[in-house]
Amino acid sequence: MLRITIAQLNPTVGDIAGNVARMAEAAARAARAQADLLVFPELSLCGYYPGDLLDEPAFRERLEQGLQQLLQATRQWPQLHWVIGAPTRASGPGKPLHNSLLVLKDGAVRLRYDKQLLPTYNIFDERRHFEPGPDAAKVLRIGQAQVGFLVCEDGWNDAGADYATNPFARMADAAPDLVVSINASPSHLGKREQRHEIFGQAATRHGLPILYVNQIGGQDQIVFDGASFAVEPGRGVVFEAERFVEDLRTLQFDDGRFLDAAGQPCMSVPAEGLPTMEFYRRQIVLGLRDYARRCGFTRAVVGSSGGIDSALTLALAAEALGADNVVAVTMPSRFSSSGSVDDSVILCRNLGITLHEHPIRELVDGYARQFEASFGQPLQGLPLENLQARIRGTTLMEYSNAFGHLLLTTGNKSEISVGYCTLYGDTNGGLGLLGDLYKTEVFELSRHVNRSAGRELIPQAIIDKPPSAELAPDQKDEDSLPPYAVLDEILKYAIEGRHLSTAEYGTAERFVTQLLGQPGGAELVDRVKRMIFRSEYKRRQAPPILRVRPRAFGTGRQMPIAAHYE
C-alpha cells in the first residue's frame, strides 16, 4: 500500500522563497498523515509561467538556491518522497533549460524526468525557454509500487493528434503500477470535462491508474482551478479535489485501486461540473483576488455608469476583495440620465460599497471651448463622445494614483471584439473582469449573482434597461451594433470557432448559416468581421482580461495589427 498526499497549492511566480516555505509546510502535514509520497504541481518551485524570467541569470541562481533549500528540507522527513516541478539545466545544443519533474528524498534527487511535449499553442509558449526531454519513461519503486511520472502536456497526446511522440505509450511499455502526472493546467469553460475524458480514456486504453495533480490560483490573465483527480481503468474518475481553493488530501493506493485516507474505496465522481455561470463567478473572483494580491493592491475602484457591465464588475469585485475595499465613482455628463445615477446609488447600497459622485459636465464644456478656440471648429460627434469617456478614464486614473486603488475596466468581450470602446477612456485600468464574457453572458451572470445571493444585489432596473454608453442624446448600443443576441453568435463563430464546445459551436454555426441565407445577412457578418479586424490595435493597448473561455483576447489570440484581411 502507498499513501499519497496531493498538494494542490497556489504558488506565486518568482517567489522562490515563499513557494519553498509553502512546500515545506505541506510536507510537514504529509508526514503527519504518514504519507510515502507527496506530489506538487508542475513548476511548483517557481510558479507557472515565469516567462522570460527564465532568461535572467539572477533568477536562475535563485532557482538553484531554492532547489537546495528543498533538498535540505527533505532531510527532516527522510522517509517521504517529494515530487516537485522545477526548471533544470539542460546539456548539449538547444535551449538551456528543461521543464522537469524531480523526486526528492532525504537530501537527494532520486529521479529526474524532463517534459517531452512543450506546448506552443493558445496561451502556451514553453518551447521558447525549454528543451524537450528524451523519449523515455521514468519509473521509480516507492514502497511496494512502481510509480511512473509525466508532466502535464505529456499526458494529453495519447490520441496522437498533436505530436509525433506519445509519452503515454512509452510509459505503458514500462508497466508501472501507478502514473503520477504533475500539471499547471489553466482553467476555462469545459476544461475539467476535457481533462477527465482524455485521462480517463488513456487509463482504460493502457490499463494504468493515474493521479493528476494540478495547481490553483490566478496568474495574470489565466486562472488555475485545481480539481486534481484520480482515475482508474474502466471506472473513470474516482476522486476529485476541491476547485478554486488550495487542497491537501491524502489517498491510499493499493492493488491498482485508490482508497481514501481511512482506507475506504473511492467512489466515482459525477461527470457534471459547476453550472456555467457559477464557474464564471468563481473563476473571475479568484482571478481578481490573486491578481490584486500579487500586484500589491488591497482595494479597487470602478467607474459606475448605472449600466450592466459596471454593475456586475462591482458585484464581483466586492465578493473578491470585500465591500469595504471597493469604491465606485459615478461621473454624470449632460447626456447622463437621472436613472443612471439613481441606479448606481441603489446598486452600491445593495453591495455595501462607497459611491462618489464626480460630475464631468464642466470639464467637457471646458475642453470643447478650448478645442474650438485652438483648432477653429466645434467639438462634436464622435470626438465629443470619446472626450467624455476619456475624461472619465482620466478621473478614475487620478483616483487610483491618489488613493492606491486598482482600477478595474468594465468592457465585455462583445464590445472589445468590435472596438465599441474608447482608448484611454473606458479601456483604462489594470485588469478587466468581463473581457472574456459576451454581453449576453454578462446579463446571465448578473441574474445568477442575484439568485446566488438570494436577493437583488444588481437592481433589476439595471438588468432591464437597454444598453447605452450615454455619450449622446438618446443613444443606445443597438444604434451602432446589431442586437447582442445576434452579434454574440457571429462573434463566437468568428473568434473562437472550433475552440468552442461541440454544442456551442453547433449553435453558432447554425445561427450564422441561417443568417447568411437571409437578405442582408452576408453583409452583416462581413461587417462584424471587419470591425473585429479593425479593432486589433485597441485590444493590444487595453488592460489584461481574465480568461474564462477557450480562446480569449491577449496571449491566447495573437493577430497582427498592420495587416490586410479579406
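Residues numbered from 1 in each chain as written. Predicted model: local features only at pLDDT ≥ 70, side-chain atom pairs only at ≥ 80, totals over all residues. Heavy atoms only, no water.

Chemist: What exactly am I supposed to notice about the layout of surface pockets here?
Modeler: Vacant regions in the atomic arrangement are exposed by a probe of water-molecule size rolled over the atoms. Space inside the second largest pocket adds up to approximately 1,000 Å³. Taken together, 38 residues form the lining of the second largest pocket, with W156, H188, K191, Q194 and I198 sitting closest to its centre. Counting residues per element, the ones that place at least two in the lining of the second largest pocket are α4 (191–206) and α14 (502–516). When residues of the lining of the second largest pocket are assigned to their parent elements, the largest contribution, six residues, is made by α4. Residue composition of the lining of the second largest pocket, grouped by class: 16 nonpolar, 11 polar and 11 charged. Residues from two domains meet in the lining of the second largest pocket; each of domain 1 (2–272) and domain 2 (280–540) gives at least three. (1 Å grid on protein atoms, 1.4 Å probe; cavity = no way out; pocket = protein on both sides within 12 Å on 5 of 7 lines; lining within 4 Å. Points joined across faces, edges and corners; volume = space filled by probe spheres on them. Helix = DSSP H or I, 4+ residues; strand = E, 2+ residues; numbered from the N terminus. Nonpolar A, V, L, I, M, F, W, Y, C, P; charged D, E, K, R; others polar. Domains from an automatic or database assignment.)

Chemist: Could you clarify how one ought to interpret the UniProt feature "binding site: L-glutamine" (unreviewed entry) in the protein chain in this entry?
Modeler: Under the feature "binding site: L-glutamine" (unreviewed entry), the UniProt entry names Y121, S185 and K191. Of the annotated positions named here, the second largest pocket is lined by Y121, S185 and K191. By the secondary structure assignment, Y121 is in the loop between β5 (108–114) and β6 (139–142). Look past the residues within four positions of Y121 in its chain and what remains in contact with it is E153 and Y163. With respect to the helices, strands and loops of the structure, K191 is situated in helix α4. Overall, the relative accessible area of 9% leaves K191 in the buried class. Apart from the residues within four sequence positions on either side, K191 is in contact with W156, S185 and P186. (UniProt positions renumbered as here; feature names shortened; annotations may be inferred. Contact = heavy atoms within 4.5 Å. Buried < 20%, exposed > 50% of the residue type's maximum accessible area, 1.4 Å probe, protein only.)

Chemist: So what exactly am I meant to see when it comes to the domain arrangement of the protein chain here?
Modeler: Put simply, an interface is often sized by how much accessible area is lost when its parts join up. Segmentation of the protein chain into domains returns domain 1 (2–272) and domain 2 (280–540). Computed over C-alpha atoms, the centres of domain 1 and domain 2 are 39 Å apart. With 14 residues of domain 1 at the interface, the matching set in domain 2 holds 11 residues. Carbon and sulfur atoms supply 52% of the area that domain 1 and domain 2 bury against each other, a total of about 1,000 Å² over both sides. The interface formed by domain 1 and domain 2 contains zero salt bridges. The interface formed by domain 1 and domain 2 includes seven residue pairs in polar contact (both at pLDDT 80 or more). Its residues assigned to classes, the side of domain 1 that touches domain 2 comprises five nonpolar, eight polar and one charged. (Buried area = accessible area lost by both parts, 1.4 Å probe. Salt bridge = Lys/Arg side-chain N within 4 Å of Asp/Glu carboxyl O. Polar contact = N/O pair within 3.5 Å; in protein donor to acceptor, adjacent residues only side chain to side chain.)

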